[in-house]
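Okay, here's what each chain looks like letter by letter:
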Amino acid sequence: DIVCRAGGLSPSAVVLVATIRALKHHGGGDLRLGAANLARHIGIVQGFGFDPVVAVNLFPQDSNHDVELVRGLALEHGAFAAEPVSGFARGSGAAALAEAVAASSKRPVVPRFAYELDDPITLKIEKVARQVYGVVFGSHPYSRPVLGTADIIQKLTRDTLLAFYRRHYVPESFALVVVGPVNP
């Protein structure tokens with residue numbers, strides 16, 4: 001959104017690169033749970049008007065089952081295509097990816113932008129952040145700005161920050177929460 005509009009660029013396709021190791025990491029070892037991260041990235045790209053091509057970057061330890069699972073999940077979540085790729089390391093294993101990107105680039109795309117060009121910079125940043133990150137928490141309080149609005153932040157002084165720190169960062173204001181099986 002920002003780079004393309006500022007540079008007068010019009011992308012024809014979007015490629016997301018995923019690794020099975022990273023997806024397992026995001027899922028705490030469970031590939032299916034970690035695929036939610038990939039699904040979220042696919043959704044972000046779709047929010048800008050594109051159905052991405054997913055490149056599954058292969059490593060020797062990746063099983064065929066896991067590769068096919070990621071491909072299927074990517075397609076299920078709206079990817080235009082999902083291709084295993086060994087070409088990043090060995091050079092010749094990206095032909096299917098190249099064909100998928102070429103096919104994707106021939107589709108008509110109507111980009112959707114997160115903000116209007118004449119929006120103030122703070123509003124542009126807020127809109128991009130909301131479109132990319134805000135949906136994660138929806139209307140939950142976690143989706144609210146952590147530090148406050150831009151207007152509030154701009155009015156902060158050293159004295160107001162120090163007063164806030166002295167008032168709230170005291171032992172009486174803290175709680176320790178432990179979740180899960182605990183062996184004291």
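Nothing here was measured: the structure is a model prediction, and the numbers come from that model. (Residues numbered from 1 in each chain as written. Predicted model: local features only at pLDDT ≥ 70, side-chain atom pairs only at ≥ 80, totals over all residues. Heavy atoms only, no water.)

### Thoughts on the packing of helix α3 (residues 31-47) against helix α7 (residues 121-133)
- In contact at an axis separation of 9 Å, α3 and α7 are set at 135 degrees when each is read in the N-to-C sense. Classified by the angle between their axes, α3 and α7 sit oblique to one another. Side by side, α3 and α7 meet where Arg 40, Ile 44 and Gly 47 of the first sit next to Gln 131, Val 132 and Tyr 133 of the second.
- Its residues placed into classes, the contact of α3 with α7 shows three nonpolar, two polar and one charged. (Axes fitted to C-alpha atoms, helices over the stretch in contact; angles between N-to-C directions. Helix = DSSP H or I, 4+ residues; strand = E, 2+ residues; numbered from the N terminus. Parallel < 35°, antiparallel > 145°, perpendicular 65-115°, else oblique. Contact = heavy atoms within 4.5 Å. Nonpolar A, V, L, I, M, F, W, Y, C, P; charged D, E, K, R; others polar.)

### Observations concerning the nonpolar core
- Within the largest apolar cluster, 19 residues are counted, with the highest numbers of intra-cluster contacts made by Leu 38, Ile 42, Val 54, Val 70 and Ala 74.
- Secondary structure elements with two or more residues in this core: β1 (15-19), α2 (20-26), α3, β2 (53-57) and α4 (64-76).
- Excluding residues that lie within four positions of it along the chain, Val 54 makes contacts with Leu 16, Leu 38, Ile 42, Ala 74, Ala 79, Ala 81, Ala 82 and Glu 83. (Core = buried A, V, L, I, M, F, W, Y, C linked by side-chain atoms within 4.5 Å. Buried < 20%, exposed > 50% of the residue type's maximum accessible area, 1.4 Å probe, protein only.)

### Section: α4
- The terminal C-alpha atoms of α4 lie 18 Å apart, and with 13 residues this matches the ideal 18 Å at 1.5 Å per residue to within 8%.
- Three or more residues of α4 are buried, namely Asp 66, Val 67, Leu 69, Val 70, Leu 73 and Ala 74. In a view along the axis of α4, the buried residues occupy a sector of 160 degrees, so they form one face of it. Exposed residues on α4 whose side chains face more than 90 degrees from its buried face are Asn 64, His 65 and Glu 76.
- Each element contacted by the buried residues of α4 is listed here: α2, α3, β2 and β3 (81-85).
- Phi turns positive one or two residues past the end of α4, at Gly 78, with a value near 105 degrees. (Expected span 1.5 Å × (residues − 1). Arc of directions from axis to C-beta.)

### Points about the sheet that holds β2
- With parallel pairing, three strands are arranged side by side in an open sheet as β1-β2-β3. Each edge of the open sheet is held by one strand with a lone partner, namely β1 and β3. The mean inter-strand angle of the sheet, taken between neighbouring strand axes irrespective of direction, is 25 degrees.
- Note that β2 and β3 share five bridges and pair parallel. From the neighbouring strand, Val 53 faces β3, where its bridge partner is Ala 81.
- Running over the sheet, α3 touches β1 and β2 and is turned about 175 degrees from β1. (Pairing = 2+ DSSP bridges.)

### A look at the environment of Val 109
- By secondary structure assignment, the location of Val 109 is in the loop between α6 (95-105) and α7.
- Judged by its relative accessible area of 29%, Val 109 falls in the partly exposed class.
- C-alpha separation for the pair Val 109 and Pro 11, spaced 98 residues apart in sequence, amounts to 9.0 Å.

### As for the confidence of the model for the protein chain
- Averaged over all residues, the pLDDT of the protein chain equals 82, while 79% of them reach at least 70.
- Mean pLDDT values over the elements of the protein chain span from 61, in helix α5 (residues 87-90), up to 95, in α4. (pLDDT = per-residue confidence, 0-100.)

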